[in-house]
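# Remarks on the overall topology
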Amino acid sequence: MRAPSAPPTIRRAGDYNSAKPMVISERRVGDVTLLDLQGRLVFDDGDEEVRTHVNHLVSEARLKILLSLREVDYIDSCGVGVLIAKFMSLRRRGGDLRLVSISPRCRRVLTISRLLGVFQIFESEQDALASFADGAAR
Amino acid sequence: MTDTSEAARLAALREYRILDTAPERAFDDLTMLASHICGTPIALITLVDAERQWFKSRIGIALEETPRALSFCAHALTAPDMLIIPDAREDPRLRDNPLVTGDPHIRFYAGAPLVTPEGHTLGTLCVVDRVTRTLTPLQIAALDALRRQVQSQLELRRQVFELEQALGERDRAEAEQAGLIAELRTTHDNVRRLSAMIPFCSTCEFTMTIPADPAAIPALTDGVVHVLQEKHWNETDVMAVELALQEAVANAIRHGCGGDATKALQCSVAWDEAGEVVITVRDPGAGFDPAVVADPLDPENILKPSGRGIFLINGLMDDVRFADGGREVRMRKKKGTP
């Protein structure tokens, strides 16, 4: 197959069925904010949306954040980078970022990156919320 | 009438798209009846434009329009009901009007306003005479009935126009949809033919030039995933190749092309008879030294948000080599047990 002489015109990522734009649904339970992420969390596709959303919560002084990654079917090092950056940022402010229901793909990437032990990760939302109530967040 | 309401009235008049159109029997019949019933030599359907009054239908007068300043009907626009002037010479608004003082020496005028459903008065159905006179109650009632018929004709005309527009838009949308379906069918057929061949390909290589735009990445990774699935690779290995490719291309876009989507990178994906996939990604950047990339597992780096791309590629693929000063990465992975 010959390479074309100029880059072809391409569609935006959202045009591909497998690359729907990230959807973030927010719920608030007491002082904990649950964010249900749905979509890809990769370079230039979902990473900025999560960063902006968490930054907005921080500006409202909502520092206990629980991310549900059940429907994040694809994550790369940029997505992992956003999780780490926001985790560190919240910790510095006395809050925390915890994860619940992570998809097998997310688990694999976090495992390879040796970050599974860095985050507090829960199987159920109930357990995750209880962990904040226990005062485990600094 | 305020400027705003006059602007709205003129906009409403434009919606009917009737100004400067040819005579129509439906309107001419009504002016003829008005003239006969009222016994006047002149009957008109007038539409008052910004600077003129234009006659859609006219009996007994050769003019097609007059300046609005001379228009009797312009006065009827603001009248609450039918405006009847038995002798224009005695009306202070009209006695100095050249149409009264000179030819055709108008004396009598009766104008029934043509009002849209939205309340805008567009003009009148009027009867005119060169002698002073008045109308009987029956004639007034008949003129009013004819006015309603003119209004109905105007509405019919507008609805027909709107219907034609809607039908035109529907036809255009249908044609566009048919074109898209044909394009989709062709694309689908092409994909199906290519896909059908993949399981039988013993070796194959795709060489691609890809715009340095993150939006291009899913097209590339989806294509490679599809090929590997057709070759019956297991899910874990497919994911490994997909992620390694994602990382390599993202690195090439961010670092090799500086995020400049007008630049391009080269990528080749090949697999051989032994079931090994070989992916090469090459960017036009300044390169880097892979030996000095920090270890993301080092306690100093483990909580840094960046610097995991190459580490992931190394962990996911069987063999990873950099060439040409870091501008090119070549990575291999053997097909595992399905």
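In this text the structure is predicted, and so the values were computed from the model without any measurement.

## Details of the overall build of chain A
- On a plain count of helices and strands, chain A comes out with four helices and five strands.
- Reading chain A from its N end, one meets helices and strands in the order β-β-α-β-α-β-α-β-α.
- Looking at chain A as a whole, 39% of its 138 residues qualify as buried.
- The contacts of chain A with a sequence gap of at least 6 include a subset with a gap of at least 24, amounting to 70%.

## Digging into the sheet that holds strand E2 (residues 32-41) of chain A
Residue and element names in this part refer to chain A.
- Reading across from one edge, E1-E2-E3-E4-E5 is the order of the five strands in this open sheet, with mixed pairing throughout. Taken across any chain shown, the strands that pair with only one partner, and hence form the sheet edges, are strand E1 (23-29) and strand E5 (121-122).
- Where strand E4 (residues 96-100) and E5 come together, two bridges link them in parallel fashion. When the sheet's bridge partners are listed, Val100 is paired in E5 with Phe122.

## Some points on the nonpolar core
Residue and element names in this part refer to chain B.
- Membership of the largest hydrophobic core comes to 72 residues, with the highest contact counts inside it found for Ala244, Ala248 and Val249.
- By residue number, the principal contributor to this core is helix H7 (residues 235-256), which donates eleven residues.
- For Ala248, the residues in contact, after removing those within four places along its chain, are Val281, Ile313, Val329 and Met331.
- Residues Ile42, Leu47, Phe55 and Val127 belong to the second largest nonpolar core, which totals 41 residues.

## Quick word on helix H2 (residues 25-38) of chain B
All names here are of chain B.
- In this model H2 runs 20 Å from its N-terminal to its C-terminal C-alpha over 14 residues, within 8% of the 20 Å that 1.5 Å per residue would give.
- Those residues of H2 lying buried are Phe27, Leu30, Thr31, Ala34, Ser35 and Cys38. Seen end-on, H2 carries its buried residues on one side only, within an arc spanning 135 degrees. Facing away from the buried side of H2 by over 90 degrees, the exposed positions are Arg25 and His36.

## Looking at unusual backbone geometry
- In the segment running from Asp103 of chain B into Pro104 of chain B, the intervening peptide bond is cis, with an omega of 10 degrees.
- Within the secondary structure, Pro104 of chain B is located in the loop between helix H4 (98-101) and strand E5 (108-115).
- Backbone geometry places Asp44 of chain A, a non-glycine residue, at a positive phi of 60 degrees.
- Secondary-structure assignment places Asp44 of chain A in the loop between E2 and helix H1 (47-59).
- Of note in the backbone geometry, Ser101 of chain A takes a positive phi value of approximately 55 degrees without being a glycine.
- With respect to the element layout, Ser101 of chain A can be found in the loop between E4 and helix H3 (104-112).

## As for the confidence of the model for chain B
- Of the residues in chain B, 99% have a pLDDT of 70 or more, and the chain-wide mean is 91.
- With a pTM of 0.59, the predicted complex shows an ipTM of 0.82.

## Some remarks on the pairing of strand E6 (residues 121-129) of chain B
All names here are of chain B.
- In terms of burial, E6 is a largely internal element, eight of the nine residues being buried.
- Where strand E1 (residues 42-48) lies against E6, six bridges are found, and the strand directions are antiparallel. Bridging from a neighbouring strand, Ile42 pairs with Val128 of E6.

## Some details on the packing of H2 of chain B against helix H5 (residues 137-197) of chain B
Residues and elements named next belong to chain B.
- As a packed pair, H2 and H5 sit with axes 10 Å apart at the nearest point and diverge in direction by 175 degrees. The angle between H2 and H5 places the two elements in the roughly antiparallel class. When H2 is examined against H5, the residues Ala26, Phe27, Leu30, Leu33, Ala34, Ile37 and Cys38 are found in contact with a partner set consisting of Gln139, Ala142, Leu143, Leu146, Gln149, Val150 and Gln153.
- A breakdown of the residues in the contact of H2 with H5 according to their chemical character gives eleven nonpolar, three polar and no charged.

## Notes on the interface of chain A and chain B
- The interface is formed by 28 residues belonging to chain A together with 30 residues belonging to chain B.
- The set of elements that each furnish at least two residues to the side of chain A that touches chain B consists of helix H2 (77-92) and H3 of chain A.

Here is what the cut-offs are and how they apply
- Residues numbered from 1 in each chain as written.
- Chains lettered and ligands numbered in written order.
- Predicted model: local features only at pLDDT ≥ 70, side-chain atom pairs only at ≥ 80, totals over all residues.
- Helix = DSSP H or I, 4+ residues; strand = E, 2+ residues; numbered from the N terminus.
- Buried ≥ 20, exposed ≤ 12 C-beta atoms within 10 Å, placed from the backbone.
- Contact = placed C-beta atoms within 7 Å.
- Pairing = 2+ DSSP bridges.
- Core = buried A, V, L, I, M, F, W, Y, C linked by C-beta atoms within 7 Å.
- Expected span 1.5 Å × (residues − 1).
- Arc of directions from axis to C-beta.
- pLDDT = per-residue confidence, 0-100.
- Axes fitted to C-alpha atoms, helices over the stretch in contact; angles between N-to-C directions.
- Parallel < 35°, antiparallel > 145°, perpendicular 65-115°, else oblique.
- Nonpolar A, V, L, I, M, F, W, Y, C, P; charged D, E, K, R; others polar.

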